[in-house]
Amino acid sequence: METATKALVLQGGGALGAYQAGVYEALIESDNQLDWVAGVSIGAINAALIAGNAPAQRVARLAEFWQQVSSGPAQNIPTFWGDRAWLNQWSAASAAMVGIPGFFRPRAEPALLLGGSAHVLSYYDPEPLKATLERLVDFERINRKDVRLSVGAVNVRSGNSIYFDNTTHKIGVEHIMASAALPPGFPPVQIEGEHYWDGGILSNTPLQYVLDSFPRTRRLVVLQVDLFNARGPLPTTFSEVIERQKDIGYSSRTRVNTNALAANINVQQAVADLIRKLPVRLRVDPAVAKLQEHLTHQPVDIIHLIYRDKPYELDSKDYEFSRAMVKEHWEAGARDMRNTTAHPEWLQKATDNGITTFDLTEPGPGRVRHPGAESKK
C-alpha cells in the first residue's frame, strides 16, 4: 500500500503556540515522517522553524524561539508570588506596554495618543521578529523543498486569502512576517507590490487549503493542532466575555467546517463507488468515466488536537508570554500528543474510504477523552 503523505496543520494563537511546539516534540518521538507543514500566524512561525531546520535541530530551534519570547523581566516572575490569574493578566499587560524580546516592540510614535489621526499603521514594530526568524530559520533549506511549507495571509486591498507555498513561491522572511502581521498590532507586509496581513483575519486554520491543494489520488494523514476551542461555558465576567469571543472567532468553526467537508467528500466517494457497480456499457461512457475519476478520493485521516486552557487563563491568553505559561503550553502539547500515540486504538477506522476525522480532547477534571471521531464517515 502507498505510504500516506503526512501533514501538520497549525492554527494561529499567539502565545498559545508553544502548545504546537510541544505537540511536534512528542510527534517526532514516534514518527519522524513529516512531508508538509502549513500554518497561519504563530502557526506559520512554528511551521517555518520546523521546515527551515534539519530534523535533528527542529525541537532545539523551537525551544530557542519560545525561550527568547518568554525571557523579558515581566515574563519571569515566579508563580508563587501571587494568584495565577492576576499574574497572567499583569504579565500580558506588561508585554502589551513594553513588547516581547525577539518579537515586537512598541513604536516610538504616540499612536495611542493620536488615535485615528496617527500616521502609523500599527501599535508595534515587528523588526525584532524579522531578526529572530533570520537567525533561527534556514530559508535556503525551505526552498529546497525537503518539507512542503504553506503559510496563509490576507491581501489587504482585495481581502482575499493567499497561501505562500514553497512549491509555488520562493519563501523568504517576509512571507512568514506577512502571515503573522495581525492588525492593528503589526503593520502590513509588502511582497511584490501587494500588502498582506495575518491570514487569521479570514481563516485561522489552514486545513481547507491543505485538502483543496492535495492530489485526491494520494493518501493523506493530517494532524491538525488548534489553539482556540469553539466550545465553552457561558461567560460570567467581562474578561470571560472577551475570551469567549476570541475562542469563537479564532477557532474558525473548525469542527463544523471539517465535518461538512468530510460529509461532502464522502458523498462524492459514495457516488464514485456506485458508478463502479454500473454495467460495463455505462461505465465506459467517457462522461461517466470522467465523473467517476473526479469523484474518487484516496482515504484522508484528520487527527484533531485542540488546546484546552486553564481556569486562570483569561482574555489575555494569546499575548501572555510568561515563562510559566509557555512551559505549561509546551508540556500540554507534548502530553496530549504522547497520550494519542500511546493509544492507537483511538485512531481505529470504521472504513478505509473518504475522510475520517478523529476529534481528540484533553483529559482533565470533569472531562473525558473521547476516542474516535466526532465525524467518522
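Residues numbered from 1 in each chain as written. Predicted model: local features only at pLDDT ≥ 70, side-chain atom pairs only at ≥ 80, totals over all residues. Heavy atoms only, no water.

**Regarding the overall build of the protein**
At step 1: Each helix and strand in the protein was counted, giving 14 helices and 11 strands.
At step 2: Long-range pairs, those at least 24 residues apart, make up 72% of the contacts in the protein between residues at least 6 apart in sequence. (Helix = DSSP H or I, 4+ residues; strand = E, 2+ residues; numbered from the N terminus. Contact = heavy atoms within 4.5 Å.)

**Overview of helix H4 (residues 84-98)**
Given 3.6 residues to a turn, an α-helix orients residues that are three or four positions apart in the same direction.
At step 1: Helix length check: H4 (15 residues) gives 21 Å between terminal C-alpha atoms against 21 Å at 1.5 Å per residue, within 8%.
At step 2: Considered for burial, the residues of H4 that qualify are Arg-84, Leu-87, Asn-88, Ser-91, Ala-92, Ser-94 and Ala-95. Seen along its axis, H4 keeps its buried residues to an arc of 160°; they face one direction. Along H4, exposed side chains directed more than 90 degrees from the buried face belong to Trp-86 and Met-97. (Expected span 1.5 Å × (residues − 1). Buried < 20%, exposed > 50% of the residue type's maximum accessible area, 1.4 Å probe, protein only. Arc of directions from axis to C-beta.)

**Structural notes on the UniProt feature "active site" (unreviewed entry) in the protein**
At step 1: On the UniProt side, "active site" (unreviewed entry) is annotated at positions that read Ser-41 and Asp-198 here. For the annotated residues, spread through 158 residues, the largest C-alpha to C-alpha distance comes to 5.9 Å, consistent with a single compact locus.
At step 2: Mapped onto the elements of the fold, Ser-41 is located in the loop between strand E2 (36-40) and helix H2 (42-51).
At step 3: A residue is classified by how much of its surface remains accessible, and Ser-41, at 11% relative accessible area, is buried.
At step 4: Looking at the element boundaries, Asp-198 is found in strand E8 (residues 194-198).
At step 5: If sequence neighbours within four positions are ignored, Asp-198 has contacts with Val-40, Ser-41, Ala-153, Val-154, Ala-178, Ser-179, Ala-180, Ala-181 and Leu-182. (UniProt positions renumbered as here; feature names shortened; annotations may be inferred.)

**Considerations on the nonpolar core**
At step 1: Judged by nonpolar contacts, the single largest core of 69 residues is most densely connected at Ile-45, Phe-65, Trp-66 and Phe-103.
At step 2: Sorting elements by how many residues they give to this core places H2 first, with eight residues.
At step 3: Residue contacts for Ile-45: discarding those within four places in its chain leaves Phe-65, Phe-103, Leu-129, Leu-133, Ile-176 and Ala-180.
At step 4: Within the second largest apolar cluster, 16 residues are counted, among which are Leu-207, Val-210, Leu-220 and Ala-262. (Core = buried A, V, L, I, M, F, W, Y, C linked by side-chain atoms within 4.5 Å.)

**Details of helix H6 (residues 127-136)**
At step 1: Buried within H6 we find Pro-128, Leu-129, Thr-132, Leu-133 and Leu-136. For H6, the arc enclosing every buried residue in end-on projection is 135°, short of the 170-degree limit, so these residues lie on one face.
At step 2: Buried residues along H6 sit against H2, helix H3 (58-69), strand E3 (105-106), strand E4 (124-125), helix H7 (139-144) and helix H8 (173-179).

**A word on unusual backbone geometry**
At step 1: For the bond from Pro-183 to Pro-184, the omega torsion is -5°, close enough to zero to count as cis.
At step 2: In this structure, Pro-184 sits in the loop between H8 and strand E7 (189-191).
At step 3: Residues other than glycine seldom take positive phi values, yet Lys-145 does so here, at roughly 70°.
At step 4: Mapped onto the elements, Lys-145 comes out in the loop between H7 and strand E5 (148-155).
At step 5: For Glu-192, which is not a glycine, the phi torsion comes out positive at approximately 50°.
At step 6: Of note, Glu-192 is situated in the loop between E7 and E8.

**What about the pattern of salt bridges?**
Two side chains of opposite charge can pair, provided their charged atoms sit close to one another.
At step 1: Across all of its chains, the model carries 19 salt bridges by this definition.
At step 2: Residue Lys-317 pairs with Asp-309 through a salt bridge whose shortest N-O separation is 2.5 Å.
At step 3: Where salt bridges share partners, they join Glu-243, Arg-244, Asp-247, Asp-309 and Lys-317 into one cluster. (Salt bridge = Lys/Arg side-chain N within 4 Å of Asp/Glu carboxyl O.)

**Regarding the packing of aromatic side chains**
At step 1: Applying the stated criterion to the full structure yields 14 aromatic pairs.
At step 2: Taking the centre distance of 5.4 Å and the plane angle of 65° together, the rings of Phe-103 and Phe-104 count as edge-to-face.
At step 3: Residue Phe-103 is classed as buried on the basis of its relative accessible area, which comes to 7%.
At step 4: Taking the centre distance of 5.8 Å and the plane angle of 80° together, the rings of Phe-103 and Phe-321 count as edge-to-face. Placement of the pair is Phe-103 in the loop between H4 and E3 and Phe-321 in the loop between strand E10 (300-306) and helix H14 (323-341), with a sequence separation of 218 residues. The exposure classification of Phe-103 matches that of Phe-321, with both residues buried.
At step 5: Through successive ring pairs, a cluster of aromatic residues spans Phe-65, Trp-66, Phe-103, Phe-104, Tyr-123, Tyr-124, Phe-186 and Phe-321.
At step 6: Above the face of the Trp-36 ring, Arg-148 is positioned so that its terminal group lies 3.9 Å from the ring centre. (Phe/Tyr/Trp six-rings, centres within 6.5 Å; stacked < 30°, edge-to-face > 60°. Lys NZ or Arg CZ within 6 Å of the ring centre and 35° of its normal.)

**Details of the side chain of Ser-179**
At step 1: For Ser-179, the position within the fold is in helix H8.
At step 2: Given a relative accessible area of 0%, Ser-179 falls into the buried group.
At step 3: Reaching out from Ser-179, the side chain makes a polar contact with the backbone nitrogen of Ser-41 at a distance of 3.1 Å.
At step 4: Leave out the neighbours within four places in its chain, and Ser-179 touches Gly-39, Val-40, Ser-41, Ala-44, Val-151, Gly-152, Ala-153, Asp-198 and Gly-199. (Polar contact = N/O pair within 3.5 Å; in protein donor to acceptor, adjacent residues only side chain to side chain.)

**So, the environment of Ser-150**
At step 1: Along the chain, Ser-150 falls in strand E5.
At step 2: For Ser-150, a relative accessible area of 0% puts it in the buried group.
At step 3: Residues Ser-150 and Ala-44, spaced 106 residues apart in sequence, show a C-alpha to C-alpha distance of 7.9 Å.
At step 4: In this structure Ser-150 touches Trp-36, Val-37, Ala-38, Gly-39, Tyr-163, Phe-164, Asp-165 and Tyr-209, once residues within four positions along its chain are discounted.

**Notes on the environment of Ala-51**
At step 1: Relative to the helices and strands, Ala-51 resides in helix H2.
At step 2: On the basis of relative accessibility, which here comes to 4%, the residue Ala-51 falls in the buried class.
At step 3: For the pair Ala-51 and Val-137, spaced 86 residues apart in the sequence, the C-alpha separation amounts to 8.2 Å.
At step 4: With residues near it in sequence (within four places) discarded, Ala-51 still touches Val-37, Arg-141, Ile-142, Val-147 and Leu-149.

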